[in-house]
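# An overview of the molecular structure
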Amino acid sequence: MAITNEEKSLLKKLASGELDGFVGDDLTTTGGSTVWKAIKNGVPVMFKQGPGGKFFNGKENEHFEGVMHTLQEWANDEQKLEFLRKFGWLMKDEAVKAYSAMFKPKK
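The sections below set out a description of the structure shown in this document. (Residues numbered from 1 in each chain as written. Predicted model: local features only at pLDDT ≥ 70, side-chain atom pairs only at ≥ 80, totals over all residues. Heavy atoms only, no water.)

Let us now look at the overall build of the protein chain. For the protein chain, the count of helices and strands is 3 helices and 6 strands. When its C-alpha atoms are laid out on the principal axes, the protein chain stretches across 65 × 35 × 25 Å. For the protein chain, the residues scored as buried account for 32% of the 107 residues in total. Expressed as a percentage of contacts within the protein chain between residues at least 6 apart in sequence, the contacts between residues at least 24 apart total 37%. Only carbon and sulfur atoms are counted for the fraction: they give 53% of the accessible area of the protein chain, which is about 7500 Å². Taken as two groups, the 16 positive and 15 negative side-chain charges of the protein chain have centres that lie 4 Å from each other. (Helix = DSSP H or I, 4+ residues; strand = E, 2+ residues; numbered from the N terminus. Buried < 20%, exposed > 50% of the residue type's maximum accessible area, 1.4 Å probe, protein only. Contact = heavy atoms within 4.5 Å. Areas by Shrake-Rupley, 256 points an atom, 1.4 Å probe, with all protein chains shown as cover. Lys, Arg positive; Asp, Glu negative; His and termini not counted. Charge placed at Lys NZ, Arg CZ, Asp CG, Glu CD.)

Both the distance between ring centres and the angle between the ring planes are used here to describe each pair of aromatic rings. According to the stated counting rule, one finds 6 aromatic pairs in the structure shown. Ring centres of Tyr99 and Phe103 lie 5.1 Å apart, and the angle between their planes is 65 degrees; on these two criteria the pair is classed as edge-to-face. Put simply, the rings of Trp74, Phe83 and Phe87 pair up and form one aromatic cluster. In this arrangement the basic side chain of Lys37 is found over the ring face of Phe87, its NZ or CZ atom lying 4.8 Å from the centre. Of note, Arg85 hangs over the ring of Phe103, and the distance from its end group to the ring centre comes to 5.0 Å. (Phe/Tyr/Trp six-rings, centres within 6.5 Å; stacked < 30°, edge-to-face > 60°. Lys NZ or Arg CZ within 6 Å of the ring centre and 35° of its normal.)

Turning our eyes to something else, we now look at the pairing of strand E3 (residues 43-49). Remember that side chains alternate between the two faces of the sheet whenever the strand is regular. Most of E3 sits inside the fold, with 5 of its 7 residues counted as buried. Relative to E3, strand E2 (residues 34-40) runs antiparallel, the two sharing 7 bridges. Among the inter-strand pairings, Ile39 is bridged to a residue of E3, identified as Pro44. The antiparallel hairpin formed by E2 and E3 contains 2 residues in its connecting segment, where Asn41 sits at a positive phi of about 55 degrees. In the sheet, E3 pairs with strand E6 (residues 68-73) via 5 bridges, with the strands oriented antiparallel. Note that in E6 the partner of Lys48 across the bridge is His69. (Pairing = 2+ DSSP bridges.)

Honestly, it's all geometry; don't read function into it.
The following block contains the structure:
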C-alpha cells in the first residue's frame, strides 16, 4: 500500500514525539484492572494494570500496585497508521482528527 504525503507527515509527527501522551480515557474492567492507550517515544501502546490491593503485615496495612502488562504495540508504519485511523479522533491534534475522520464508518 502506497503511503500518501499526509500519512508521511503524520508518521513524522509521531516519530518526533509531538503526539506523545495519553490517548483517550482509561477504562476500568469489571475485574478492577485499568486499560489505557498512550504514545511513548512515537510508538502507540496499549497497557493494562491489574488491581492493587492491601494486606496486613502484623503491624499495619501494606498497599501494593497491580501488575502492569503491555497488551498491544503498534510498531511498524502500517500499524501506526492503523492506530491513527482507529483512535486518532481521541487525540488533540487537528490533523490526526481529520485523518481519522476519513476512515469513520458511514451510518
